[in-house]
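# A look at the structure
The chain contents come next:
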Amino acid sequence: MNQYADMVLVLELFFLIYFALLNGGYLFLNAVAMISLKRQMDRQVYADHPRIYTALKPPVSLLVPAYNEAATIAASVRSMLQLSYDEFEVIVINDGSLDGTLEELQRQFGLVPFPGACRSGIKTQPVRGMWYSTVHRNLRVIDKENGGKADSLNAGINASRYPLFCAVDADSILQRNSLDLIVEPFVEDDRTIAAGGTIRILNGCKASDGFLVSVGLPNKLLPMLQIVEYLRAFLFGRLGWSPLNAMLVISGAFGLFRKSSVIEVGGYRTDTVGEDMELVMRLHRIHRQKRIPYRIVFVPNPICWTEAPESLRVLKNQRMRWQRGLSESLLMNRTLLFSRNGGWVGWIAFPFTFVFEWAGVFIELAGYMFIFAGFWLGIVSGAALLAFAVVSVLLGVLLSVSALLMEEMSFHLYPRYRQLFWLLAMAVLENFGYRQLNLVWRFHGMLRWLFGTQAQWGKMTRSAKWNRSIRPDKS
Amino acid sequence: MVSAAHFDAILWFVSLTGIAVFSLTLLMVFRIVWLRFSHNSRARREKKFLELWRPLMMSGISGSETGYPPLRMDDAEFFLDLWNHLHESVKGPAKSRLNNLAVRCGMAAHAHALLHRSGLRPRLMALITLGNLRENSAWSDILPLAKKPDTILSFTALGALLRINANAALGELKMQLVDRTDWPTAQLAILIQESGAMASTFELVDAALQLSGSTRPEDIRKLQRLLRIFVVVPTHLKLPAVRTILSSATDSELIAQCLKYLCEPEDLPCIRTYAEHPVWFVRLQAAHALGRIGATSDLPLLQKLLRDPVWDVRHRSADAIVALMRKDGKALAGLLATLTDPFARDMLTMSMAESRVAQ
């Protein structure tokens, strides 16, 4: 009997310490993010003033991989073509789409075949052809055999002309000044090799001809919950790690990279579904191994709007894919963990992600099971169960509310009191079912990864309700 | 069984944490609501301010306004924000008229006061304003700020000094320009260009020549940094210096940077020697330079570079060939027909097509 009591005590302590470290870690990140955001906001005085140094900003290649994106591709490309940036090219990579994406592009932008001599720096699936737009001189389309998103990005890198490339999802909408803002870390510091921007949820917003007309909240519960989730992930997740040069992921939907650095490390890996996270971890690992000075930063103000899943089925697939991507990235870059020259990323961020994001799925599920089983067996009292549940929910609410506070301090994108009320409500509501559901999906994703299934493009049903008035561009 | 006392202790701890977290959450919610309220009220005040002052400033710029209403100190930040934005979008006499307006409204004195505040935000605003006002009397207050370790503060201070007296600023801060690697090079170059102090950039050229020939990695890094700023140095000042630096340079990056600035036919023999350099980006810059100032006699060399193993070098060589033979389409087509290397042929075909699209 005593043995069982000891075991229960050990388990109890383990879960308590895990819980304290997890939330302590998040609160620490929160504090770093708050300080960093305050500094960014102060500095806004300087950044807001018109500066005429565009001539010295490096030109950028925007890479837009597209697989079955006929519904939204024209609007996205159009928004990219209208970015306020001095010199850039847009390269759409049609990854063997089956829904007429290429035909839609041909119809909208007057494409003509073009003799292309792609660089063969990174191996990709065969390129079937290259197209130029007769309307927009800076638009090119690469048509290639299907090979996945990472393969498409590699093909785009091979065909790109400029020293920086920006990977953008085909279903996303960029703010007009996004490129101007995200390029700044590269202008300010030569050591910058990658920069990520903020991703926001497009559902509930209105866009016309590829541009955001008004920001709103969706009228469905799932995307609304994801708004708070994204705020948390970007405003204190990324912003917390970035000043420590320990950010492990730049969203595949919007990230700017130094091409030579990415080619140097071999481009995107095609054998993972988390190619964006894997690349960032690899950049950290190789630069640290070779002791090359570098910076990977998060810039909060350039915003990329993207459509969030509205159904449980699609959301579940997305989360399973993300967890699988995380597992693959951690495994592929495991030598970064406690490496000799690992710095914050190798000694703190990587272990933190491994313990709380990866192993945390098992630990949290086990914790739920332990506490409910303990209650069932009479080892855990009702009062203790209730107290733990309340604190767990309260900490969840605290972290989400702090993300909302940071949003209020900075961007203030949802200006109405009603919107604020709904966001606060979501910060509470997400703790009752949504987070637990996510945990189960992530667990499912881990099982899938452990028992092995093929990596593929994430199938995402697009409603594209925000998208209006798409007309072909006249040549 | 686990003791009741043990559970009580955990329960007590958990409850205390719960109360603390709940209180903190409530505080944050109040803060959010307060921020929302103050943001909205500020937005209303700003709207009212802009409705009144934007037309007044526009009249001030055109020189037709004679009187201004008293400015509330609460509105000073809006004033400076609008005034600085307008200042950076106008030229010539309009700038002086805006300066008169700011002085008449007491904003020069206000900016001086802001400079001594503790926060970063008011000091940045003060530096931008005093720079735009060309406020000579603030020089001694701003100079120490340009030497502070904080990048944004020191760099904004440098911007203000360059606007107030560019030649003095370049002389005073020459060593800082070399040593402060945290100051963004591209923006630094533009600040110098914008201040119209290009004639004083001989200070930078001097600094570069002093570092030339050194093999210390730190000096090479400084020299690379200075060469990036050379983009705004007048050609007659930088070209002799670039030639001197190139003659003793062994670092590939330094050589590539120097090749970018060579622009006279007398540099061709030197450029040609770098077309066979073992480092690809040096060959790339050599090909680029040949396309810029080369002659048709360089075509054989460029054809050789067109078969280079590095894609970027082939691309730049193809562009150079197209640039040199632009006026003779037939000869270019003939050259294409003679190419047997498929990589070279593909690259030249693409460059020719790109050139057609660009026209």
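Residues numbered from 1 in each chain as written. Chains lettered and ligands numbered in written order. Predicted model: local features only at pLDDT ≥ 70, side-chain atom pairs only at ≥ 80, totals over all residues. Heavy atoms only, no water.

Helices and strands together make up the secondary structure of chain A, namely 14 helices and 13 strands. For 475 residues, the compact-globule formula gives about 23 Å, and the C-alpha radius of gyration of chain A, at 23 Å, lands near that figure. Taking the principal axes of its C-alpha atoms as reference, chain A extends roughly 80 × 50 × 45 Å. Residues classed as buried in chain A amount to 61% of the 475 residues present. Split by element, the accessible area of chain A, about 18900 Å² in all, is 61% carbon and sulfur. Taking the average location of the 49 positive side-chain charges in chain A and that of its 38 negative ones, the two points are 1 Å from each other. (Helix = DSSP H or I, 4+ residues; strand = E, 2+ residues; numbered from the N terminus. Rg over C-alpha atoms; globule rule 2.2 N^0.38 Å. Buried < 20%, exposed > 50% of the residue type's maximum accessible area, 1.4 Å probe, protein only. Areas by Shrake-Rupley, 256 points an atom, 1.4 Å probe, with all protein chains shown as cover. Lys, Arg positive; Asp, Glu negative; His and termini not counted. Charge placed at Lys NZ, Arg CZ, Asp CG, Glu CD.)

The next subject is the sheet that holds strand S11 (residues 254-258) of chain A. All names here are of chain A. Here ten strands make up an open sheet; going across it, the order is S3-S4-S5-S2-S1-S6-S11-S8-S12-S7 and the pairing mixed. Two strands lie at the open edges of the sheet, namely strand S3 (111-113) and strand S7 (172-174), each paired on one side alone. Neighbour-to-neighbour, the strand axes of this sheet turn through a mean angle of 30°, independent of strand direction. (Pairing = 2+ DSSP bridges. Axes fitted to C-alpha atoms, helices over the stretch in contact; angles between N-to-C directions.)

Here we come to the packing of helix H5 (residues 120-133) of chain B against helix H7 (residues 151-172) of chain B. Residue and element names in this part refer to chain B. Packing of H5 against H7 leaves a shortest axis separation of 7 Å and a crossing angle of 15°. In terms of orientation, H5 and H7 fall into the roughly parallel class. Crossing of H5 over H7 shows left-handed handedness. Mapping the contact onto sequence places Leu120, Arg123, Leu124, Leu127, Ile128, Leu130, Gly131 and Asn132 in H5 and Ile152, Leu153, Thr156, Ala157, Ala160, Arg163 and Ile164 in H7. Counted by class, the contact of H5 with H7 contains ten nonpolar, three polar and two charged residues. (Parallel < 35°, antiparallel > 145°, perpendicular 65-115°, else oblique. Left-handed = near helix turned anticlockwise from the far one by under 90°. Contact = heavy atoms within 4.5 Å. Nonpolar A, V, L, I, M, F, W, Y, C, P; charged D, E, K, R; others polar.)

All names here are of chain A. Here Glu89 lies in strand S2 (residues 88-95). When its relative accessible area of 3% is taken as the criterion, Glu89 is described as buried. Among the polar contacts listed, one links the side chain of Glu89 to the side chain of Arg140, at a separation of 2.7 Å. Here Arg161 takes part through its backbone nitrogen, which lies 2.8 Å from a polar atom of the side chain of Glu89. Setting aside residues no more than four positions away along its own chain, Glu89 makes contact with Val60, Ser61, Leu62, Asn138, Arg140, Ser160, Arg161 and Tyr162. (Polar contact = N/O pair within 3.5 Å; in protein donor to acceptor, adjacent residues only side chain to side chain.)

Residues and elements named next belong to chain A. Applying the stated criterion across every chain yields a total of 38 salt bridges over all chains. Between Asp189 and Arg191 there is a salt bridge whose closest N-O contact spans 2.7 Å. Assessed through its relative accessible area of 41%, Arg191 is described here as partly exposed. Where Arg319 meets Glu229, a salt bridge forms, and the shortest distance between an N and an O atom there is 2.6 Å. Placement of Arg319 in helix H10 (residues 312-332) and of Glu229 in helix H7 (residues 221-241) is noted, with a sequence separation of 90 residues between them. (Salt bridge = Lys/Arg side-chain N within 4 Å of Asp/Glu carboxyl O.)

This brings us to the interface of chain B and chain A. Taken residue by residue, the interface counts 56 residues in chain B and 56 residues in chain A. If you sort the residues of chain B by the area they bury against chain A, Ile32, Arg36 and Trp311 of chain B come out on top, with a joint share of 14%. For the interface between chain B and chain A, the tally reads four salt bridges. The tally of links between chain B and chain A comes to nine residue pairs in polar contact (both at pLDDT 80 or more). Going through the elements one at a time, helix H1 (4-62), helix H2 (76-87), H5, H7, helix H9 (185-195), helix H17 (311-324) and helix H19 (342-358) of chain B are the ones with two or more residues in the side of chain B that touches chain A. Of the residues forming the side of chain B that touches chain A, the biggest block, 20 residues, is contributed by H1 of chain B. Here the side of chain B that touches chain A is built from residues that sort into 31 nonpolar, 13 polar and twelve charged. (Buried area = accessible area lost by both parts, 1.4 Å probe.)

On to helix H4 (residues 107-115) of chain B. Residue and element names in this part refer to chain B. Judged by how many residues are buried, H4 sits mostly within the fold: seven of nine residues are covered. Burial in H4 covers these residues: Met107, Ala108, His110, Ala111, His112, Leu114 and Leu115. In the core, the buried residues of H4 are packed alongside H2, helix H3 (93-104), H5 and helix H6 (139-146).

Next up on the list: the packing of aromatic side chains. Enumeration over the complete set of coordinates arrives at 28 aromatic pairs over all chains. Judged by centre distance (5.4 Å) and plane angle (20°), the rings of Phe165 of chain A and Phe257 of chain A are stacked. Here Phe165 of chain A, found in strand S6 (residues 164-168), pairs with Phe257 of chain A, found in strand S11; they are 92 residues apart in sequence, far enough to count as distant. Each of the two residues, Phe165 of chain A as well as Phe257 of chain A, counts as buried. Aromatic side chains Trp53 of chain B and Tyr68 of chain B sit 6.0 Å apart centroid to centroid with 15° between the ring planes, which places their arrangement in the stacked category. Here Trp53 of chain B, found in helix H1, pairs with Tyr68 of chain B, found in the loop between H1 and H2; they are 15 residues apart in sequence, far enough to count as distant. In this pair, the class of Trp53 of chain B matches that of Tyr68 of chain B, namely buried. Following the ring pairs from residue to residue traces out a cluster consisting of Tyr18, Tyr26, Phe236, Trp241, Phe352 and Phe356 of chain A. (Phe/Tyr/Trp six-rings, centres within 6.5 Å; stacked < 30°, edge-to-face > 60°.)

By convention, interface size is frequently given as the accessible area that disappears when the constituent parts associate. Partitioning chain B into structural domains gives domain 1 (54-61 + 77-164), domain 2 (173-242) and domain 3 (262-359). Spacing between the C-alpha centres of domain 1 of chain B and domain 3 of chain B amounts to 49 Å. (Domains from an automatic or database assignment.)

Turning next to the nonpolar core. Among soluble globular proteins, nonpolar side chains are generally buried collectively. Counting 153 residues, the largest nonpolar core has Val60, Leu62, Val92 and Phe257 of chain A as its most contacted members. When residues in this core are grouped by element, the largest group, 13 residues, is from helix H12 (residues 382-409) of chain A. In contact with Leu62 of chain A, other than residues within four places in its own chain, are Met80, Leu83, Phe88, Glu89, Val90, Ile91, Cys166, Val168, Leu174 and Leu179 of chain A. Grouped together as the second largest cluster of nonpolar side chains are 122 residues, Val178, Trp183, Ile220 and Leu339 of chain B included. (Core = buried A, V, L, I, M, F, W, Y, C linked by side-chain atoms within 4.5 Å.)

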